[in-house]
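Structural description and commentary
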Amino acid sequence: MGSLFRSEEMTLCQLFLQSEAAYACVSELGELGLVQFRDLNPDVNAFQRKFVNEVRRCDEMERKLRYLEKEIKKDGIPMLDTGESPEAPQPREMIDLEATFEKLENELREVNQNAEALKRNFLELTELKHILRKTQVFFDEQEGGLNTTTESMTRALITDEVRTGHSMGPVQLGFVAGVISREKLPAFERMLWRACRGNVFLRQAMIETPLEDPSNGDQVYKSVFIIFFQGDQLKTRVKKICEGFRATLYPCPEAPADRREMAMGVMTRIEDLNTVLGQTQDHRHRVLVAAAKNLKNWFVKVRKIKAIYHTLNLFNLDVTQKCLIAECWVPVLDIETIQLALRRGTERSGSSVPPILNRMQTFENPPTYNRTNKFTKAFQALIDAYGVATYREMNPAPYTIITFPFLFAVMFGDLGHGAIMALFGLWMIRKEKGLAAQKTDNEIWNIFFGGRYIIFLMGVFSMYTGLIYNDIFSKSLNIFGSHWEVHYNKSTVLENKYLQLNPETSDYSGTPYPFGMDPIWQVAGANKIIFQNAYKMKISIIFGVIHMIFGVTMSYHNHTYFKNRLSLIFEFIPQLIFLLFLFFYMVLLMFIKWNRYAATNSPPYSASCAPSILITFIDMVLFNTPKPPPTGCEVYMFGGQHFFQVVFVLIALACIPVMLLGKPLQIMKQRKNPNEEVQPITGSDAEVGMSNGQPAGQGGAAHHEEEEMSEIFIHQGIHTIEYVLGSVSHTASYLRLWALSLAHAQLAEVLWNMVLSIGLKQQGWFGGVMLTIVFAFWAILTVGILVLMEGLSAFLHTLRLHWVEFQSKFYQGQGYAFQPFSFDAIIENGGASGSTENE
């Protein structure tokens, strides 16, 4: 089988590269992305490897680029992204890149430091300007303002002097002026009052415009203050309090003429600073614009260099120190492509010694590599989320492409809702290049975009099942005309709420609706859900049993490919018989019932004689005798049914001990007679089961050679119990198809009747306005609840049906993913770690 149905055949190779050509060869392999290198120095510390200095140089270059990127984003400068990936630079080009980045960083840091110093000077001058303006207002207040306050403060100080009996001489008040953050002002005022015991006088005024903090660029609101005090002791105390609250003090002359002269000088200096700041910002902007044009390419080049040296650190040196030795997993089909890439690398480096690629024999399990494209990638991701396939076992992804959207659509069947989902998926597919280039960090959007093909197929399949259900926004399409006729008069129909049409009479034309359900069921009221219950319940079981049988059949291909004769005889055959003779027989009974019993038939095959499939199946398993049917009806659906049912149940029960004991007993027998040869089976791919001396990952009896017999019996017992009980529970689990389908249809009907119908019932111009509002509300609820929430619910239930009910029949998922050394993957993830062997 091709790699679509089974993972690629892998081989372990040994690679010999001349030291001078190693860098160029690894670069070519990185562009190719088909080689997974193993770490040949697992015990060597990362700091003791040969190319650790080169990796550190790359780290330093990345740091400088991140600094440039941060500054570019801070200024809102767009970075040019051509979408092209430049080749990895030669080792000698690292020096030029380092010099370029060093020059840019130094120049930018110098510009930033100068700008910060200028902004700090500008801030100080601005604060001084506000101080001079505000204090001038303080000193220029009219009589009864500051002078009265000063006199009252002076009298208070004199009174205190007389009370204490000390003479302080003539009173001389001093003052300090400064700026403080507005939020600190109340605490600052309280501290001054308490520390100075009320012997200071504080005046403050807010600065209306915010000031820019030069260190971080934040906008800070500040206030100007002036503090009057008397004596050196209070002056010292006031300055310490200002220092503690990080208030900035500025010199403020006492004479009005001096203050005006200083204010004029401050304004002149501010204008000069504005000019210099503008020139500095222009120069910084030019530097960043020039860097933004090449930043993306620089990042790619540095990451490629770092990835190459990181990968070279996984290699071993030979004794001559002139050759590097590597081990790597490669797909067998791509060996020639890899050899061509190695030759290109050798020619680029100018080496005359060709590289050597030798295939090795090993008993290690190879990594699992499934080739995907943009369409199959999302479906493969669903499978890998459960577990990476064991090497070369059947890959469920190709079948999931059909079964996943179909089972989803059974639960989500609505032509209108499916069309919304399909159009959304189609829009993402049509715009995928532009949307992929945006590279947003929104995780939810990335999930939707990654599954765009799944969403599109789910929408298309839902449109199909919506046509089958004849359901579009809880209404029906009357394309071919109903095959039912109402022969009652109008008053009878209106007065009898639960009136039903009789298929035995001429109410029914005798021929079914050409495609899907007859639109008459939309107006059938209570009878609609009764009919749909029976229909959807039965098709859920039918689809479920067929899906599980297909899963068991898939295990046949695994057993034949891996030449696992014991599992084929003692697992696959009894499992298939158990499923067919019990559950597939129940499905056949459904088709027999649909075919033989009808309303127009006469007993014993009339509709009233039709037995319950569930009761019949329970009686069959318990060997019960069915209850006597009504007069004129037969107990069984067909002749010999009782005999066949007994035989089927006995054979199914006989399969249980075969599954439980057959394989362990055969292994025990082979261990007692080791010379007895077990004839290998032959299958379509059996000859590839042991390619290149490698075990395919799932052997036959050899797989159990080192396992104790007690563990084999326990393991087989668990597997048997899980399968037998799981067959019952998994069959019932498919009833979620019926339950969610009914729930979705009922929610759509409730939303129509309780929301949109309100707008449709209104009359006149008010009705038009009301309908517009109600329709918008209905559309939001439809998309938000019925499409998004119900769609997510159906998606998760479909995922569970595939992971548990389907894949458990054949899929082990015990492998590890092939992680090739690929520049594309490294750049996409934004890292530079090389590929290493999965432990």
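What counts and what doesn't
- Residues numbered from 1 in each chain as written.
- Predicted model: local features only at pLDDT ≥ 70, side-chain atom pairs only at ≥ 80, totals over all residues.
- Heavy atoms only, no water.
- Patch = residues over 30% accessible without salt bridge, like charges linked within 9 Å, V, L, I, M, F, W, Y side chains within 5 Å.
- Areas by Shrake-Rupley, 256 points an atom, 1.4 Å probe, with all protein chains shown as cover.
- Salt bridge = Lys/Arg side-chain N within 4 Å of Asp/Glu carboxyl O.
- Helix = DSSP H or I, 4+ residues; strand = E, 2+ residues; numbered from the N terminus.
- Buried < 20%, exposed > 50% of the residue type's maximum accessible area, 1.4 Å probe, protein only.
- Phe/Tyr/Trp six-rings, centres within 6.5 Å; stacked < 30°, edge-to-face > 60°.
- Lys NZ or Arg CZ within 6 Å of the ring centre and 35° of its normal.
- Domains from an automatic or database assignment.
- Core = buried A, V, L, I, M, F, W, Y, C linked by side-chain atoms within 4.5 Å.
- Contact = heavy atoms within 4.5 Å.
- Expected span 1.5 Å × (residues − 1).
- Arc of directions from axis to C-beta.
- UniProt positions renumbered as here; feature names shortened; annotations may be inferred.
- Disulfide = S-S within 2.5 Å.
- Axes fitted to C-alpha atoms, helices over the stretch in contact; angles between N-to-C directions.
- Left-handed = near helix turned anticlockwise from the far one by under 90°.
- Nonpolar A, V, L, I, M, F, W, Y, C, P; charged D, E, K, R; others polar.
- Pairing = 2+ DSSP bridges.

Remarks on a nonpolar patch on the surface
- A cluster of nonpolar side chains, contributed by Phe424, Trp427, Ile444, Phe448, Leu747, Val783, Ile785, Leu788 and Met789, occupies part of the molecular surface with about 800 Å² of accessible area.
- Elements that contribute at least two residues to the nonpolar patch include exactly helix H12 (415-430), helix H14 (443-450) and helix H23 (764-806).
- The element best represented in the nonpolar patch is H23, accounting for four residues.
- With respect to the helices, strands and loops of the structure, Trp427 is situated in helix H12.
- Exposure remark for Trp427: the relative accessible area of 40% places this residue in the partly exposed category.

Here we look at the packing of aromatic side chains
- According to the stated counting rule, one finds 48 aromatic pairs in the structure shown.
- Aromatic side chains Trp484 and Trp521 sit 6.4 Å apart centroid to centroid with 70° between the ring planes, which places their arrangement in the edge-to-face category. Note that Trp484 is positioned in the loop between helix H15 (452-469) and helix H16 (490-495) and Trp521 in the loop between H16 and helix H17 (526-561), a separation of 37 residues in sequence. With respect to burial, Trp484 and Trp521 carry one shared label: buried.
- Measuring from centroid to centroid gives 5.5 Å for Tyr556 and Phe572, while their planes differ by 45°, and the two rings are tilted. You can see Tyr556 sitting in helix H17 and its partner Phe572 sitting in helix H18 (residues 565-596), a full 16 residues away along the chain.
- Judged by relative accessible area, which is 33%, Tyr556 ranks as partly exposed.
- Ring pairs connect the aromatic residues Phe5, Tyr386, Tyr399, Phe550, Trp803, Phe806, Phe810 and Tyr811, which therefore count as one cluster.
- Across from the ring centre of Tyr561, 4.1 Å away, lies the NZ or CZ of Arg6, which sits over that ring.

Some details on the pattern of salt bridges
- By the definition in use, this model includes 29 salt bridges.
- With a shortest N-O distance of 3.6 Å, Glu208 and Lys134 are connected by a salt bridge. With a gap of 74 residues between them, Glu208 in the loop between strand S4 (201-206) and strand S5 (211-212) and Lys134 in helix H3 (residues 93-139) connect regions that are remote in the sequence.
- Take Glu208: its relative accessible area is 56%, and that puts it in the exposed class.

Some details on the domain arrangement of the chain
- Per the domain assignment, the segments of the chain are domain 1 (10-110 + 281-359), domain 2 (133-156 + 172-274) and domain 3 (375-479 + 515-672 + 711-809).
- Distance between the C-alpha centres of domain 1 and domain 2: 60 Å.

What about the nonpolar core?
- The biggest cluster of nonpolar side chains holds 64 residues, and the ones touching the most others in it are Ile454, Met458, Leu582, Phe583 and Phe795.
- Apart from the residues within four sequence positions on either side, Phe583 is in contact with Val545, Phe578, Phe617, Ser727, Val728 and Thr731.
- Ranked by size, the runner-up nonpolar core spans 61 residues in total, among them Phe37, Met61, Ala307 and Leu324.

Things to note about helix H6 (residues 232-244)
- Here H6 spans 18 Å end to end across 13 residues, near enough to the 18 Å set by a 1.5 Å rise per residue.
- Turning to H6, its buried residues number three or more, namely Leu234, Val238, Ile241 and Cys242. Looking down the long axis of H6, one finds its buried residues gathered within 100° of arc, a one-sided arrangement. Seen from the buried face of H6, the exposed residues on the opposite side, beyond 90 degrees, are Asp232, Gln233, Lys240, Glu243 and Gly244.
- In the core, the buried residues of H6 are packed alongside strand S3 (174-181), helix H5 (185-195), strand S7 (222-229) and strand S8 (248-250).
- Taken from the residues just after H6, Arg246 is the one with a positive phi, measuring 55°.

Overview of the UniProt feature "transmembrane region" (unreviewed entry) in the chain
- Mapped onto the present numbering, the UniProt feature "transmembrane region" (unreviewed entry) falls on residues 401-429, 449-469, 539-556, 568-592, 643-662 and 765-789.
- With 93% helix and 0% strand, the stretch residues 401-429 has end C-alpha atoms that lie 16 Å from each other.
- The distance separating the terminal C-alpha atoms of residues 539-556 is 26 Å; by composition the span is 100% helix and 0% strand.

Quick word on unusual backbone geometry
- With an omega dihedral of 10°, the bond running from Pro603 to Pro604 counts as a cis peptide bond.
- Among the structural elements, Pro604 can be located in the loop between H18 and helix H19 (613-622).
- Non-glycine residue Arg197 carries a positive phi angle of around 55°.
- Mapped onto the secondary structure, Arg197 falls in the loop between H5 and S4.
- Classification of Arg197 as exposed rests on a relative accessible area of 74%.
- Residues other than glycine seldom take positive phi values, yet Arg246 does so here, at roughly 55°.
- Here Arg246 shows up in the loop between H6 and S8.

What to know about the state of the cysteines
- If you walk through the whole model with that rule in mind, you get one disulfide.
- A sulfur-sulfur distance of 1.8 Å marks the disulfide that ties Cys609 to Cys633. When the S-S torsion is -60°, as for the bridge of Cys609 with Cys633, the disulfide is left-handed. Here Cys633 lies in the loop between H19 and helix H20 (641-672) and Cys609 lies in the loop between H18 and H19, a separation of 24 residues in the sequence.

Some thoughts on the packing of H18 against H19
- Close contact between H18 and H19 brings their axes to 10 Å; oriented N to C, the two are set at 145°. The two elements H18 and H19 cross, and the hand of that crossing is right-handed. Residues Phe581, Leu582, Phe583, Tyr585, Met586, Leu589, Met590 and Lys593 of H18 lie in contact with H19, whose contacting residues are Ile613, Thr616, Phe617 and Met620.
- Classifying every residue of the contact of H18 with H19 gives 10 nonpolar, one polar and one charged.

Quick look at the sheet that holds S4
- With respect to topology, four strands assemble into an open sheet ordered S4-S7-S3-S8, the strand pairing being antiparallel. Both outer strands of the open sheet, S4 and S8, are each paired with one neighbouring strand and no more. Averaged over neighbouring strand pairs, the angle between their axes works out to 25° when direction is ignored.
- Here H3 sits on the sheet and contacts S3, S4, S7 and S8; the angle it forms with S7, its principal contact strand, is near 55°.

Describing the pairing of S3
- Of all eight residues making up S3, seven are buried, and the element is well covered by its neighbours.
- Where S3 meets S8, three bridges bridge the pair, whose relative direction is antiparallel. Bridged to Ala177 within S8 is Tyr250.

As for the environment of Gly451
- Structurally, the position occupied by Gly451 is in the loop between H14 and H15.
- Here Gly451 falls in the buried class, since its relative accessible area comes to 11%.
- Separated by 88 residues in sequence, Gly451 and Phe363 have C-alpha atoms that sit 37 Å apart.

Description of helix H9 (residues 335-349)
- For H9, built from 15 residues, the straight-helix expectation of 21 Å at 1.5 Å per residue is met to within 8% by its first-to-last C-alpha distance of 21 Å.
- For H9, the full list of buried residues reads Ile335, Ile338, Ala341, Leu342, Gly345 and Thr346. For H9, the angular spread of buried residues about the axis comes to 140°, placing them on one side. For H9, the exposed residues set more than 90 degrees away from the buried face come down to Glu336 and Glu347.
- Close packing links the buried residues of H9 with strand S1 (10-18), helix H1 (19-32), strand S10 (323-331) and strand S11 (356-360).
- Within two residues after H9, Gly350 carries a phi angle of roughly 80°, on the positive side.

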